[in-house]
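Architecture at a glance
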Amino acid sequence: MKIYISADIEGICGVTDIDHTRREGKDYDTARMLMTKEVNAAVQGAFQGGATEIVVNDSHGSMINLLIEELDQRVSIISGSPKPLSMVQGIQGNDAAFFIGYHSKAGTEDAVMDHTYHGRVVHTIRVNGMELGELGINAALAGHFGVPVALVAGDKKTTEEATALLNDVEIVTTKEGIGRFAARNIHPAVAREEIRKKAQEAVQNIGRVRPYVVPPPLHLEMDVLFSNMADRIAMIPSVERVSGRRVAYDCKDFVTLYTMMRAMTLIASTAILK
Ligand SMILES: [Zn+2]
C-alpha cells in the first residue's frame, strides 16, 4: 500500500502569517518544525493503517522546507523546485494521496493565507467553468493518474472546500481563520493526534475514496491581477487572450493543463512590480 503526501505550509496548525511562510520570515523556523511534525503524524498514522511505502513531496515555495533529519526514517522525500508536476510530483503509482498543510483558493473569506499557486499573480483559475484552487487542481492531477485524495488537513475553509469537492475524504481542521492573517488554532499536539488518527482510518478505508477526475476536453481560464501579466501570458502560442486580465487554453489531458497553468503563472510573475 503506497501512500503519497503533498505537504504545504499555510494550513499547518499554528501558522498564521507570512513571517511563518517566507524563508526570511522571523518565525519560519518554527513553522517548518510544525510542518515537519504534522507530516510525521500523517506518516505514523498511515503506517499504523497498513501503508508499506510513503513518499513525501515538499510542496511549499522553493520546496525545501521540511527538516529532513527530523522526518520519520521510513519515508523518502522529494524536495526542491522546479519539478515537472510541482506539488504532486511523484504521484504516479500510489494508492492514495494525503494533502497536509493545505489552504483555500484565492478569494476565500476568513481563510488563512488563501491563494492559488501564486498570490501576487493569480486572481482566479477555472477548469471547465469551475473555480478551483490548489486543492482541486492538485486533486484533479492525482485523479488523472487514478490516485484518490484520502485525507486533507488545513484551516476550516480548506476542509470545507475538500468536503464539497471530494466525496468521502477524511479531513482535519487545524484552525479557523479570522480574516486572512489571523486564526483560532487548536493546540498543535492535538492537531497532530487528530491527523495521526485520520491518516490511519484513511488507509484502512482506502477503497472508499474515488479519484477526482475532470473529464476532458479541458478548458483552462486564468484571471491574473493585472493586465500586463495577461499581456505576457498571451505571448505563449495557443493561449487565447479573452479580456484584459483573462487568458484561456484548451487541451485534452490534465498533465498538459497543469504544465500550461504553471508556465502561465511563471511568465506572469515576471511582470510583478518590484
Ligand atoms: Zn504554500
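The residue numbers shown here count from 1 along each chain, following its written sequence. Confidence filtering applies because this is a predicted model: local features only for residues at pLDDT of at least 70, side-chain atom pairs given and counted only at 80 or more, and all residues used for totals across whole chains, interfaces and linings. Processing note: side-chain calculations cover all non-hydrogen atoms of the structure and skip hydrogens and water entirely.

1. Examining the overall build of the protein chain
Each helix is a run of DSSP H or I of at least 4 residues and each strand a run of E of at least 2, with the numbering of both proceeding from the N terminus. Helix and strand content of the protein chain: seven helices and 12 strands. Radius of gyration: C-alpha atoms only; globule rule: 2.2 Å multiplied by the number of residues to the exponent 0.38. Its C-alpha radius of gyration of 18 Å places the protein chain within 12% of the 19 Å reference for a compact globule of 274 residues. Along the first, second and third principal axes, the C-alpha set of the protein chain runs to 50 × 40 × 30 Å. Relative accessibility thresholds used throughout: buried, under 20% of the residue-type maximum; exposed, over 50%; partly exposed, between the two (1.4 Å probe, protein chains only). Relative to its 274 residues, the protein chain shows a buried fraction of 54%. Whether two residues are in contact is decided by their heavy atoms: any pair within 4.5 Å suffices. Residue pairs in contact within the protein chain that sit at least 24 positions apart in sequence constitute 69% of those at least 6 positions apart. Neither His nor the chain termini are counted; the positive set is Lys and Arg, and the negative set is Asp and Glu. To locate a charge, the coordinates of NZ of Lys, CZ of Arg, CG of Asp or CD of Glu are taken. Between the mean site of the 29 positive side-chain charges and the mean site of the 34 negative ones, the protein chain shows a separation of 2 Å.

2. Quick look at the nonpolar core
Definition of nonpolar core: a set of buried residues of the types Ala, Val, Leu, Ile, Met, Phe, Trp, Tyr and Cys, connected through side-chain atoms within 4.5 Å. Counting residues in hydrophobic clusters, the biggest one holds 52 residues, and the most contacted among them are Phe 99, Ile 125, Met 222, Ile 233, Phe 254 and Met 264. No other element matches the seven residues that helix α7 (residues 254-269) contributes to this core. Structurally, this core is a two-domain feature, drawing no fewer than three residues from each of domain 1 (2-120 + 133-208) and domain 2 (218-269). Aside from chain neighbours lying at most four places away, what touches Phe 99 is Ser 6, Val 88, Leu 135, Asn 138, Ala 139, Val 149, Leu 151, Val 152 and Ala 153. Judged by nonpolar contacts, the second largest core, of 37 residues, contains Phe 47, Ala 96, Ala 202 and Ile 206. In this document the domain limits rely on a domain assignment from an automatic tool or a database.

3. Quick word on α7
In this model, α7 (16 residues) spans 22 Å end to end at C-alpha, consistent with the 22 Å of a helix rising 1.5 Å per residue. Listed in full, the buried residues belonging to α7 are Phe 254, Leu 257, Tyr 258, Met 260, Met 261, Met 264, Thr 265, Ala 268 and Ser 269. Buried residues belonging to α7 abut β5 (122-127), α3 (134-144), β10 (218-224), α6 (227-233) and β12 (246-251). In this structure Asp 253 caps α7, since a side-chain oxygen of it lies 3.1 Å from the backbone nitrogen of Val 255. Each residue after the first adds 1.5 Å to the expected span of a helix. What qualifies as a polar contact is a pair of N or O atoms within 3.5 Å, subject to a donor-acceptor requirement within protein and to the restriction that residues adjacent in sequence count only when both atoms come from side chains.

4. Structural notes on the coordination of the zinc ion
Angles at a metal have ideal values that depend on geometry: 109.5 degrees with four tetrahedral donors, 90 or 180 degrees with six octahedral donors. In this analysis a donor is any N, O or S atom within 2.8 Å of a metal ion (3.2 Å for sodium, potassium and calcium), and since water is not included, sites may seem incomplete. Bound to the zinc ion are the protein donor atoms Asp 8 (OD), Glu 10 (OE), Glu 10 (OE) and His 60 (ND1), situated 2.0 to 2.7 Å from the metal. Note that the zinc ion binds four donor atoms; their angles at the metal cover 52 to 134 degrees, and the shape is irregular. Within one chain, the residues serving as donors to the zinc ion are arranged as D-x1-E-x49-H. Remark: His 60 occurs in the loop between β2 (53-58) and β3 (76-78) and Glu 10 occurs in the loop between β1 (2-7) and α1 (18-21); sequence separation between them is 50 residues. A four-donor site is classed as tetrahedral when every donor-metal-donor angle falls between 85 and 135 degrees; four donors are called square planar, and six octahedral, when trans pairs exceed 155 degrees and all remaining angles lie between 65 and 115, with any other arrangement labelled irregular.

5. Comments concerning unusual backbone geometry
For the bond running from Ser 81 to Pro 82, omega is 0 degrees, close enough to zero to count as cis. Along the polypeptide, Pro 82 turns up in the loop between β3 and β4 (96-102). For the peptide bond that leads from Pro 216 to Pro 217, omega is 5 degrees, which places it in the cis range. In this structure, Pro 217 sits in the loop between α5 (188-204) and β10. If you check the backbone angles, Asp 110 has positive phi at about 50 degrees while not being a glycine. At Asp 168, a position not held by glycine, the phi torsion is positive, near 65 degrees. By secondary structure assignment, the location of Asp 168 is in the loop between α4 (156-165) and β8 (170-177). With relative accessibility at 43%, the residue Asp 168 sits in the partly exposed group.

6. Topic: helix α2 (residues 28-49)
Over its 22 residues, α2 runs 32 Å from end to end, which matches the ideal 32 Å to within 8%, given 1.5 Å per residue. Of all 22 residues in α2, 16 are buried; the element is thus mostly enclosed. Note on α2: the residue one or two positions beyond its end, Gly 50, has a positive phi of about 120 degrees.

7. What about the sheet that holds β1?
Pairing between the strands of a sheet is mediated by backbone hydrogen bonds and can be parallel or antiparallel. One requirement defines pairing of two strands: DSSP has to find at least two bridges between them. Here we have seven strands laid out as an open sheet, ordered β3-β2-β1-β4-β7-β8-β9, and mixed in their pairing. Looking at the sheet topology across the chains shown, the edges are occupied by β3 and β9 (183-185). Going across the sheet, the axis of each strand differs from the next one's by a mean of 20 degrees, ignoring polarity. Comment: axis = line fitted to C-alpha atoms, over the contacting stretch for helices; angle = value between 0 and 180 degrees taken between N-to-C directions. Contacts from α2 reach β1, β2, β4 and β8 within the one sheet, and its direction differs from that of β2 by about 160 degrees. Along the sheet face, α4 touches β4, β7 (149-155) and β8 and points at about 155 degrees away from the line of β7.

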